[in-house]
Amino acid sequence: MKKSIQFLKDWTLPVSIATGAVLYLLFAFIPALDNASGILAPVFEAILPLFMFLVLYVTFCKVDYHKLIPVKWHLWVGLFQIVSVIVIVGWIMYFHATGKALILLEAILTCIIGPCASAAAVVTQKIGGDLTEMVTYTFISNFICAILIPVCFPLIETNMGLTFTGAFLLILNKVSLVLIVPMILAYITKHWHLLRPLYRWIINVNDLSYYLWCASLLIVSGTTVKNIVHANVGVSFLLLIAISSLVLCLLQFTAGKSIGAFFHNAVNSGQALGQKNTTFAIWIANTYLNPLSTVGPGCYILWQNIINSVEIWHYSKSNKRTN
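Conventions adopted
In every chain, residue numbers begin from 1 and rise along the written sequence. Local features in a predicted model are, by the rule used here, given only for residues with pLDDT of at least 70; side-chain atom pairs are given and counted only at 80 or more, and totals for whole chains, interfaces and linings are based on all residues. Side-chain descriptors were evaluated using all non-hydrogen atoms of the structure, hydrogens and water having been removed beforehand. Lines are fitted to the C-alpha atoms to define the axes, a helix being fitted only along its stretch in contact, and any angle between axes, read from their N-to-C directions, falls within 0 to 180 degrees. Strands are runs of DSSP state E lasting at least 2 residues, helices are runs of H or I lasting at least 4, and numbering of each runs from the N terminus. Note on definitions: a residue-residue contact is assigned when non-hydrogen atoms from the two residues lie within 4.5 Å. For this classification, Asp, Glu, Lys and Arg are treated as charged, while Ala, Val, Leu, Ile, Met, Phe, Trp, Tyr, Cys and Pro are nonpolar and the rest, including Gly, are polar. In this analysis, rings of Phe, Tyr and Trp, with Trp reduced to its six-membered ring, are considered paired at centre separations within 6.5 Å, and the interplanar angle assigns stacked below 30 degrees, edge-to-face beyond 60, and tilted for intermediate values. Only protein chains enter the area calculation, which uses a 1.4 Å probe; residues under 20% of their type maximum are buried, those over 50% are exposed, and those in between are partly exposed. Working definition of a nonpolar core: buried Ala, Val, Leu, Ile, Met, Phe, Trp, Tyr and Cys residues. They are joined through side-chain atoms within 4.5 Å. Just to be clear on terms, a salt bridge is a Lys or Arg side-chain nitrogen sitting within 4 Å of an Asp or Glu carboxyl oxygen.

- Looking at an unreviewed UniProt entry, one finds the protein named Sodium bile acid symporter family protein and attributed to Prevotella veroralis F0319.

### A closer look at the packing of helix α8 (residues 164-179) against helix α9 (residues 181-191)
Phase 1: The contact between α8 and α9 brings their axes to 4 Å, and the two run at 40°. Seen from α8, the contacting residues are Ser176, Leu177, Val178 and Leu179; seen from α9, they are Val181, Pro182 and Met183.
Phase 2: Here the contact of α8 with α9 is built from residues that sort into 6 nonpolar, 1 polar and no charged.

### Observations concerning the packing of aromatic side chains
Phase 1: Taken as a whole, this structure holds 10 aromatic pairs when the rule is applied.
Phase 2: Relative to Tyr137, the ring of Trp73 has its centre 5.7 Å away and its plane inclined at 35°; by these criteria the two rings are tilted. With Trp73 in helix α4 (residues 72-94) and Tyr137 in helix α7 (residues 131-156), this residue pair connects regions lying 64 residues apart in the sequence.
Phase 3: For Tyr137, a relative accessible area of 1% translates into the label buried.
Phase 4: Residues Tyr94 and Phe95 carry aromatic rings whose centres are separated by 5.0 Å and whose planes lie at 85° to one another, so their mutual orientation is edge-to-face.
Phase 5: Overall, Tyr94 belongs to the exposed group, its relative accessible area being 65%.
Phase 6: Through a chain of ring-to-ring contacts, three or more aromatic side chains come together here, namely Phe60, Tyr65, Phe139, Phe143 and Tyr187.

### Examining the nonpolar core
Phase 1: With 85 residues, the main nonpolar core has Ile149, Phe153 and Phe280 as its most contacted residues.
Phase 2: By residue number, the principal contributor to this core is α7, which donates 11 residues.
Phase 3: Apart from residues lying up to four places away in sequence, Phe153 is in contact with Leu109, Ile113, Met160, Ile171, Ile284, Tyr288 and Leu289.

### Some remarks on the pattern of salt bridges
Phase 1: Evaluated as defined, the whole model comprises 1 salt bridge.
Phase 2: When the shortest N-O distance is used, the salt bridge between Glu311 and Lys257 registers 3.1 Å. Note that Glu311 is positioned in helix α15 (residues 295-322) and Lys257 in helix α12 (residues 235-261), a separation of 54 residues in sequence.
Phase 3: The exposure class assigned to Glu311 is buried, which follows from its relative accessible area of 14%.

Spelled out as structure tokens, the structure:
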């Protein structure tokens, strides 16, 4: 029993992803579960933003806001992300991309426009980076994302049935509730004496944000598998999206490290640009773009975690040699 519990703790992330995929397949292909799947689908769609909200809320409850000081590499990594988004959106609009071309570009866009993952700070610390600088950039990245998405998505998806202003305000509201509000509430919880009991409980629960994140991954992995199963495209196109997300993942990690090298901080900037909040990216793509574009960030989860695993292994190996 103890070994089973330890196994689940050590492999919570892949277990969550696999469980979400298997559960969807069970509900999709077992006729007896049809009614249950119809009831549960909207419930999961409704609670996913709540999980993402709670992950950020819990994470920022543990942050010392007085140490959130921007540094030079924050500016250049943020600018790189903004320019990359402008290039992709401009390409879609200039060439009037439609069909598979539009789906592919939307998949790429979601992998770029998504904010830096809150878990990036943890990984950065494990490979010799600066935890405080990473947390600061996570904070900045959420604001960048909250501005970019409401501006860009109405430009490339004009079938929302709303004016640009209406679509902008609608998306801004939903994105802000997931990215900005939890940070503000975390600050209030941390500094308002009436909420001290709640704050103490949150910081005393080990890995709470991690397990909440795994719960959200369970839902988004099921969503991604659902979109793949119902896709009216061939396997070759799905592979193209997967390969594109791999190339993009390598490109963003490399570009981040290159930017950081100028400021003697390649580890931090590489993680900041390369490691994305893919749960949020999948949710926002499934909500406002072609659902099949979720395959991009769905594969990006795998690629970024492979890169992180290699980096942690390499850093650990280097430390052993040094010692």
